[in-house]
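Listed below are the residues making up each chain.
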Amino acid sequence: MNRIRTTIAAAALAGLVLAGAGCAPPAAEPSADAAAAATATSAEALGGMDALVAAAKAEGRLNVIALPPDWANYGEIIKAFGTKYGIEVNSAQPDAASQEEINAATQLKGTDRAPDVFDLGQSVALANTAMFAPYQVATFDSIPTAFKDPSGTWVNDYGGFMSIGYDSAKVPAITSVEDLLKPELKGKVALNGDPTQAGAAFSGVVMASVANGGSADDIKPGVEFFSRLSDAGNFLPVDPTAATIESGQTPVVIDWDYTNAAVTSKLSSWKVVVPENAQVGGYYYQAVSKDAPHPAAARLWQEFLYSDEGQNLYLGGGARPVRADAMQEAGTLDADAYAKLPEVSGDPVLLTAEQNTAAAAVLSEEWAKVTG
Amino acid sequence: MAAPATRTPRSRSRAARLLPVLGVVPFLAYLAVFLVVPTLTVVVGAFVEDGRPSLAVVRDLADPAVLGSLANSLVLSALTAVIGGVVGALLAYAVVTGPADGALRRLVTSVCGVLAQFGGVTLAFAFIATLGISGVVSVWLDATFGTGLTSSTWLFSLRGLVLVYAYFQIPLMVIVFLPALDGVRVQWREAAENLGASTWQYWRLVGLPLLAPAFLGSLLLLFANAFAAYATAAALVSQGNPIIPLWIRSALTSEVVLGHANFAYALALEMVLVVALVMTGYSLLVRRTARWLG
């Protein structure tokens, strides 16, 4: 759920790298088909969808990384893809952070264990576009222009809004960011990760900022809010996971609405709110690795994610699929699941790449003061 | 120049001299792969930015937040070394005064052997389950004495780290300090008593001066042990970087503040320097004790 469980991931990665350097078999000699797949920018370029499926089946495997099963329904998505195409999906380091995906790709480059595809936070994605292979899925045209690179180097896959999840059996109802300062919440408010490290936590600070008179260009009020939260003794420095929530260790969690919503199925008293005066959205970035050991399977994965089926699967996990509007028009959207998404009115705040970089710089200077 | 008859024994002796050297080769290779190469990587990496030699990364170490973490790291290591050292030494002394193959000694040494290695994520989770926000003991203390532990975040701060680190520091002290205590001969005490020394005089003039270098050496070892511990802290503290190893984590994995990988090298170099200083002190002290407690 949290994408920055680095303790184990880092150790595992170090082990992998040490082991990999010596004894990993090199990637299989690329056949003519695979070579074609590695540079194909669309299914058509390979001779159509059937040819892509055949090439992917021939590869038989797909390496994905940093996809937690309870994050945006990735558990189901991986299973559905594997069953549909008979491809074995090798999901490495489900709890890794975006930067670790890139590190793994660099360190495992040339082996058959390197990640084939990436699912990244904004900053990491935009800083590493040189590692992506441009690819346009069949449904490329129905993805809003703002959410894709024109050549398909990266495409937003799903997004959501910053939300506050809370256990209504343990704490009083929460409707706004300001409510988090209530004395009843002493030692109870957790943020999903360290905002200088994890994208979700970072957006949590942006949310607090917007709620306190800040904006996408000015996140200082957000940092100040967390200082106040910390001074009040309400800020709990624990990384929330499904386990900490269920065991009652983290009764209030600031996180994406889809990860918070995923808890509801396990804990019926769990409520999720997107604060009305602080709607901060964010989309993840999907890309194919330029050095994918299974280039056809990687491209087929993209096709699957952006198909109606794949997009509805994201929706099933409470995430907002990027093609939602087009699918709603075409009547292919899972209306029931869509109706469950939190209502969002007005203009939600979405950070541009520049605002993101500027905010990150402020945060790296200021956040240490919050945690003391 | 030499006759054939003398050549054979000489070459045999050369081979005999070479053999032990060959035996060391695996060890040297091990050192090279696991010590020399990583250290060189760290040193080189700390002085590179964007592929060019630069001092900028090392200069970032002067950031107040980083300096604060270094101070915390030093305080945490020193404090837990002293706590572990004093408590561990007393425990070791209690063991030594008993019979050499007694049940107490066997029990304490084997328990310490296990606990000294019981660090990392397992230990952190054990503490969270016991003294954390919904920990068994916290809930009980709250219900019985109203301590407010269940809404307190102390375990995830520096204070919590001190407690958790002490948990593996004390048994480690027992293990490293026992041999020194064993080296103290009963005869020395008898000699002192024969000369009319009181217990206090024996300890002040003979026992403590003899054990002091070994004690300080053990303290330094504990210090280095705590200074380099990572997994325990990483599992406990997920907000902020109160100690240097956690800064390294965030420099390597941050998905918000990018391009900090070289800063991790600089931080590692800083740690290497501190530990090198500590270990130099350690080896100097050990050399002094070895003269007495052979």
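Residues numbered from 1 in each chain as written. Chains lettered and ligands numbered in written order. Predicted model: local features only at pLDDT ≥ 70, side-chain atom pairs only at ≥ 80, totals over all residues. Heavy atoms only, no water.

**Points about the overall build of chain B**
Looking only at helices and strands, chain B features 12 helices and 2 strands. The linear arrangement of helices and strands in chain B, starting from the amino end, is α-β-β-α-α-α-α-α-α-α-α-α-α-α. Relative to the globule expectation of 19 Å for 294 residues, the C-alpha radius of gyration of chain B, 25 Å, shows a markedly less compact shape. Looking at chain B residue by residue over its 294 residues, the buried ones come to 38%. (Helix = DSSP H or I, 4+ residues; strand = E, 2+ residues; numbered from the N terminus. Rg over C-alpha atoms; globule rule 2.2 N^0.38 Å. Buried < 20%, exposed > 50% of the residue type's maximum accessible area, 1.4 Å probe, protein only.)

**Structural notes on the pattern of salt bridges**
All names here are of chain A. In total, this model carries 10 salt bridges over all chains according to the counting rule given. Arg323 serves as the salt-bridge partner of Asp308, at 3.1 Å between the closest nitrogen and oxygen. Taken together, the residues Asp308 in helix α12 (residues 308-316) and Arg323 in the loop between β11 (320-321) and α13 (324-330) connect sequence positions 15 residues apart. Among the ionic pairs, Lys369 bridges to Glu366, the shortest N-O distance being 3.3 Å. One end of the pair, Lys369, and the other, Glu366, are both in helix α15 (residues 353-371), 3 residues apart, so they sit about a helical turn from each other. Accessibility expressed as a relative area gives 59% for Lys369, which makes it exposed. (Salt bridge = Lys/Arg side-chain N within 4 Å of Asp/Glu carboxyl O.)

**Comments concerning the interface of chain A and chain B**
Each partner contributes residues to the interface: chain A has 38 residues there, and chain B has 26 residues. Taking both sides of the interface into account, the surface hidden between chain A and chain B amounts to around 2700 Å²; carbon and sulfur atoms contribute 57%. Our count for the contact surface shared by chain A and chain B stands at 0 salt bridges. Along the contact surface separating chain A from chain B lie 5 residue pairs in polar contact (both at pLDDT 80 or more). At the level of secondary structure, the elements contributing two or more residues to the side of chain A that touches chain B comprise α1 (6-23), α5 (98-107), α6 (122-127), α7 (199-211), β7 (235-236) and α15 of chain A. Looking at which element gives the most residues to the side of chain A that touches chain B, the answer is α15 of chain A, with 5 residues. Split into classes, the residues belonging to the side of chain A that touches chain B amount to 16 nonpolar, 16 polar and 6 charged. (Contact = heavy atoms within 4.5 Å. Buried area = accessible area lost by both parts, 1.4 Å probe. Polar contact = N/O pair within 3.5 Å; in protein donor to acceptor, adjacent residues only side chain to side chain. Nonpolar A, V, L, I, M, F, W, Y, C, P; charged D, E, K, R; others polar.)

**Looking at a negative patch on the surface**
A cluster of acidic side chains, namely Glu365 of chain A together with Glu49, Asp50, Asp60 and Asp63 of chain B, defines a negative patch on the protein surface. On the basis of relative accessible area, Asp63 of chain B is assigned to the partly exposed category, the value being 31%. (Patch = residues over 30% accessible without salt bridge, like charges linked within 9 Å, V, L, I, M, F, W, Y side chains within 5 Å. Areas by Shrake-Rupley, 256 points an atom, 1.4 Å probe, with all protein chains shown as cover. Lys, Arg positive; Asp, Glu negative; His and termini not counted. Charge placed at Lys NZ, Arg CZ, Asp CG, Glu CD.)

**Some points on the nonpolar core**
All names here are of chain A. Among the nonpolar cores identified, the biggest contains 88 residues, and Leu180, Phe226 and Trp301 are the most heavily contacted of them. Ranked by residues supplied to this core, first place goes to α7 with 9 residues. When we break this core down by domain, the ones giving at least three residues each are domain 1 (32-158 + 285-339) and domain 2 (159-281 + 347-371). Here Trp301 is in contact with Leu62, Val64, Leu67, Tyr74, Ile77, Ile78, Phe81, Val117 and Gln286, once residues within four sequence places are set aside. (Core = buried A, V, L, I, M, F, W, Y, C linked by side-chain atoms within 4.5 Å. Domains from an automatic or database assignment.)

**Brief notes about the confidence of the model for chain A**
Close inspection of predicted coordinates is inappropriate in any region flagged by low pLDDT. Mean pLDDT over chain A: 87, with 91% of residues reaching 70 or higher. Predicted confidence is poor over residues 1-32 of chain A, with pLDDT under 50, and the contacts of this stretch with residues over four places away or in other chains come to 66 contacts. (pLDDT = per-residue confidence, 0-100.)

**A closer look at helix α11 (residues 244-253) of chain B**
Most of α11 of chain B is tucked away, with 9 of its 10 residues classed as buried. When α11 of chain B is considered as a whole, its buried residues turn out to be Ile244, Pro245, Leu246, Trp247, Ile248, Arg249, Ser250, Ala251 and Thr253 of chain B.

**Topic: the domain arrangement of chain A**
Residue and element names in this part refer to chain A. Domain annotation of chain A identifies domain 1 (32-158 + 285-339) and domain 2 (159-281 + 347-371). Taking only C-alpha atoms into account, the centre of domain 1 sits 28 Å from that of domain 2. Overall, the association of domain 1 and domain 2 removes approximately 1000 Å² of surface from exposure, summing both partners, and the carbon and sulfur fraction of that is 53%. In this structure, the connection of domain 1 to domain 2 is made through 0 salt bridges. At the boundary of domain 1 with domain 2, the tally comes to 4 residue pairs in polar contact (both at pLDDT 80 or more). The element that contributes the greatest number of residues to the side of domain 1 that touches domain 2 is α6, accounting for 3 residues. Among the residues making up the side of domain 1 that touches domain 2, the classes are represented as 6 nonpolar, 4 polar and 2 charged.

**As for the packing of helix α3 (residues 64-97) of chain B against helix α9 (residues 199-228) of chain B**
All names here are of chain B. Put simply, α3 and α9 touch, their axes get as near as 8 Å, and they point 135° apart. On the basis of the axis angle, α3 is oblique to α9. Where α3 crosses over α9, the two elements pack in a sense that is right-handed. Residues that form the contact of α3 with α9 fall into these classes: 15 nonpolar, 5 polar and no charged. (Axes fitted to C-alpha atoms, helices over the stretch in contact; angles between N-to-C directions. Parallel < 35°, antiparallel > 145°, perpendicular 65-115°, else oblique. Left-handed = near helix turned anticlockwise from the far one by under 90°.)

**Some thoughts on the UniProt feature "transmembrane region" (unreviewed entry) in chain B**
All names here are of chain B. The feature "transmembrane region" (unreviewed entry), as given by UniProt, occupies residues 21-48, 74-96, 108-141, 161-181, 202-228 and 263-285 in the numbering adopted here. Segment residues 161-181 splits into 100% helix and 0% strand. End C-alpha atoms: 29 Å apart. As a span, residues 263-285 carries 100% helix and 0% strand, and end to end its C-alpha atoms are 33 Å apart. (UniProt positions renumbered as here; feature names shortened; annotations may be inferred.)

**Topic: the confidence of the model for chain B**
Residue and element names in this part refer to chain B. Here chain B averages 85 in pLDDT, while 93% of its residues score no lower than 70. With pLDDT under 50 throughout, residues 1-6 is counted as low confidence; its partners more than four residues away or in other chains account for 1 contact. Confidence metrics for the complex model read pTM 0.77 and ipTM 0.70.

**Structural notes on helix α4 (residues 74-85) of chain A**
Residue and element names in this part refer to chain A. Along its 12 residues, α4 runs 16 Å from first to last C-alpha, staying within 8% of the 16 Å computed at 1.5 Å per residue. Where α4 is concerned, the buried positions are Tyr74, Ile77, Ile78, Phe81, Gly82 and Tyr85. One face of α4 carries all of its buried residues, which in axial projection span an arc of 125°. Away from its buried face by more than 90 degrees, α4 exposes Lys79 and Thr83. Just past α4, the residue Gly86 takes up positive phi, approximately 60°. (Expected span 1.5 Å × (residues − 1). Arc of directions from axis to C-beta.)

**Looking at the packing of helix α7 (residues 158-183) of chain B against α9 of chain B**
Residues and elements named next belong to chain B. At a minimum axis separation of 10 Å, α7 and α9 run at an interaxial angle of 150°. Overall, the two elements α7 and α9 adopt an arrangement that is roughly antiparallel. As α7 packs across α9, the resulting crossing turns out to be right-handed. Every residue of α9 that contacts α7 at Tyr165, Phe168, Gln169, Leu172, Met173, Val176, Phe177, Ala180 and Leu181 is listed here: Leu211, Ala214, Phe215, Ser218, Leu221, Leu222, Asn225 and Ala226.

**Regarding a nonpolar patch on the surface**
Residue and element names in this part refer to chain B. A grouping of Val75, Leu79, Val82, Ile83, Val86, Val87 and Leu90 is seen on the molecular surface, where their side chains present a nonpolar patch of about 560 Å² in accessible area. By secondary structure assignment, the location of Val75 is in helix α3. The class of Val75 is partly exposed, set by a relative accessible area of 48%.

**Examining the side chain of Asp257 of chain A**
All names here are of chain A. With respect to the element layout, Asp257 can be found in helix α10 (residues 257-264). Of the side chains with opposite charge, Arg320 comes closest to the buried, unpaired Asp257, at an N-O distance of 4.4 Å. Apart from residues no more than four positions distant in its own chain, Asp257 is found in contact with Gly160, Phe161, Ser163, Val272, Val274, Gly318, Arg320 and Pro342.

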